[in-house]
Amino acid sequence: MSEKMHKAATVESLMERMPPVRGRLRAHADLSKVTWFQVGGPADVLFKPEDEADLAEFLKNLPHDIPVHVIGVGSNLLVRDGGVRGVVIRLGRHFAKMNNEDGILTVGAGSFDGHVARFAADAGLEGAEFLSGIPGCIGGGLRMNAGAYGADISDIFLSAVAYDRAGERHELGPEDMGFSYRHTTVPKDWIFTEASFQLSQGDREDILNRMADISRNREESQPVRSRTGGSTFANPPGKKAWQLIDSVGGRGLKKGLAMISDKHCNFLINTGGARAADLEALGEEMRRRVFARHDTLLRWEIVRLGDAANCTEGKRP
């Protein structure tokens, strides 16, 4: 049996083990179409739950030997060329609802950061403007304590809801999140479904002006019109990742059709037809160079998920 046929049979066998759902299950789902880099192999199975109850029942009844991963809008994600084993969960429209009650903004984890910022601004609520400068969704922002322009998720965080691998619901307060720079201590297999933020009343026009300033700054300083993700690396304490990369000759460096942006060198770019392996290799080369010159190890901020192309039969890279 060829490798392709063997993999197809494996996925079909996996589909037979899926529990009943009200949402959508799809085999061999092309993840390159849902990530901003537009690279990577397929998920064995992609699940889009109908609502929280559907998600909880799926997790409770899914055999525990099957790996589970969750993705958002794919803006901070590099899917490897061999694809992703097990089930990938992607939260859909039900998880993008937003509500304001007396300055407490409650939003679904699938809500796009920019939409949340605009919703808050239209309600005359300030404190969420920085979200307009983050290309992602609220679930991913919670996971990594995302931030930009001098503010972080932790600054406005009030509470969140998450489900563990067994489908149990957890309500989390600030003390449960373990917030630090671009990090939380919430177990990695928990799936956020909702968050509440405490905002304050402000002037709508002033808020919109600040958001416009953020948009102009991003347009001028970042490759926002390219096939890219968010920042590739977190800033080391007291240093800027882009400056370290620039100092070791990273700006504009290419590997195949992958490139380090010459506009902002903490961004990787797919110039068209790049492989995930080339993008990851460029990042690893920058980590090697920066460590060799500055004795500083850059930490990936982009999430790398899945198997390398030669690992499609279960061997991990």
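From a predicted model like this one, the values you see are computed outputs, not experimental measurements.

Trainee: Requested: an account of the nonpolar core, with residues and values cited.
Mentor: The biggest cluster of nonpolar side chains holds 51 residues, and the ones touching the most others in it are Val-87, Ile-89, Leu-131, Leu-142, Phe-192 and Phe-197. Not counting chain neighbours up to four residues away, the residues in contact with Phe-197 comprise Gly-103, Ile-104, Leu-105, Val-107, Ile-138, Leu-142, Ile-153, Ile-156, Phe-157 and Leu-158. In terms of nonpolar packing, the next biggest core, distinct from the first, is built from 21 residues, Phe-37, Val-39, Phe-233 and Val-248 among them.

Trainee: Quick one: what's the story with the pairing of strand β7 (residues 104-108), residue by residue and with numbers?
Mentor: Examined bridge by bridge, strand β6 (residues 98-101) and β7 share 4 bridges and lie antiparallel to one another. Residue pairing for β7: Glu-101 is matched across the bridge by Ile-104. Connecting β6 to the antiparallel partner β7 that follows it, the hairpin turn spans 2 residues, and Asp-102 within it adopts a positive phi of roughly 55°. Inspection of the sheet shows β7 paired to strand β13 (residues 191-198) by 5 bridges, in the antiparallel sense. When the sheet's bridge partners are listed, Val-107 is paired in β13 with Ala-195.

Trainee: Tell me about the sheet that holds strand β1 (residues 24-30), residues and numbers included.
Mentor: Taken together, the 4 strands give an open sheet; going across it, the order is β1-β2-β5-β3, and neighbouring strands pair in mixed fashion. Both edges of this open sheet fall to β1 and β3 (68-71), since each of them pairs with a single strand only. Along the sheet, successive strands turn relative to each other by an average axial angle of 30°, direction set aside. Pairing of β1 with strand β2 (residues 42-48), which is carried by 6 bridges, proceeds in the antiparallel orientation. Each bridged residue has a counterpart across the sheet, and for Arg-24 the counterpart in β2 is Lys-48. Of the strands in this sheet, β1, β2, β3 and β5 (84-90) touch helix α2 (residues 52-61), which is tilted by about 155° from β5.

Trainee: Run through the environment of Pro-174, naming residues and quoting values.
Mentor: Following the sequence through the fold, Pro-174 ends up in helix α6 (residues 174-177). Note: C-alpha distance between Pro-174 and Ser-159 (15 residues apart in sequence) is 6.5 Å. Setting aside its immediate chain neighbours within four residues, Pro-174 contacts Phe-157, Leu-158 and Phe-179.

Trainee: Provide a residue-level description of the sheet that holds strand β17 (residues 254-255), including the pertinent values.
Mentor: Ordered in space as β15-β19-β18-β17, the 4 strands form an open sheet in which the pairing is antiparallel. Two strands in the sheet have a free side with no partner beyond their single neighbour: β15 (227-228) and β17.

Trainee: Explain the packing of aromatic side chains to me, and be specific about the residues and the numbers.
Mentor: Tallied over the entire structure, the rule returns 4 aromatic pairs. Ring geometry for Phe-157 against Phe-179: centres 5.2 Å apart, planes inclined by 75°, an arrangement best described as edge-to-face. One end of the pair, Phe-157, is in strand β11 (residues 157-163); the other, Phe-179, is in the loop between α6 and β13, and 22 residues separate them in sequence. Taking relative accessible area as the criterion, Phe-179 reaches 23% and is therefore assigned partly exposed.

Trainee: Outline a positive patch on the surface, listing residues and values.
Mentor: Positive charge collects at one region of the surface, where Arg-24, Arg-26, Lys-33, Lys-48 and Arg-93 lie side by side. Looking at where Lys-33 falls in the secondary structure, it is placed in the loop between β1 and β2. The class for Lys-33 is exposed, based on a relative accessible area of 71%.

Trainee: I'd love a proper account of the confidence of the model for the chain, names of residues and values included.
Mentor: Predicted coordinates in areas of low pLDDT are best not read in detail. The pLDDT averaged across the chain works out to 94; a share of 95% of its residues lies at or above 70. Contacts from residues 311-317, a stretch scored under 50 in pLDDT, to residues over four places away or in other chains number 15 contacts.

Trainee: Please provide a residue-by-residue account of unusual backbone geometry, values included.
Mentor: Of note in the backbone geometry, Asn-145 takes a positive phi value of approximately 50° without being a glycine. Mapped onto the elements, Asn-145 comes out in the loop between α4 (138-144) and β9 (147-148). If you check the backbone angles, Asp-295 has positive phi at about 55° while not being a glycine. When you line up the elements, Asp-295 lands in the loop between α9 (276-294) and β20 (299-300).

Calculation rules
Residues numbered from 1 in each chain as written. Predicted model: local features only at pLDDT ≥ 70, side-chain atom pairs only at ≥ 80, totals over all residues. Heavy atoms only, no water. Core = buried A, V, L, I, M, F, W, Y, C linked by side-chain atoms within 4.5 Å. Buried < 20%, exposed > 50% of the residue type's maximum accessible area, 1.4 Å probe, protein only. Contact = heavy atoms within 4.5 Å. Pairing = 2+ DSSP bridges. Helix = DSSP H or I, 4+ residues; strand = E, 2+ residues; numbered from the N terminus. Axes fitted to C-alpha atoms, helices over the stretch in contact; angles between N-to-C directions. Phe/Tyr/Trp six-rings, centres within 6.5 Å; stacked < 30°, edge-to-face > 60°. Patch = residues over 30% accessible without salt bridge, like charges linked within 9 Å, V, L, I, M, F, W, Y side chains within 5 Å. Areas by Shrake-Rupley, 256 points an atom, 1.4 Å probe, with all protein chains shown as cover. Salt bridge = Lys/Arg side-chain N within 4 Å of Asp/Glu carboxyl O. Lys, Arg positive; Asp, Glu negative; His and termini not counted. Charge placed at Lys NZ, Arg CZ, Asp CG, Glu CD. pLDDT = per-residue confidence, 0-100.

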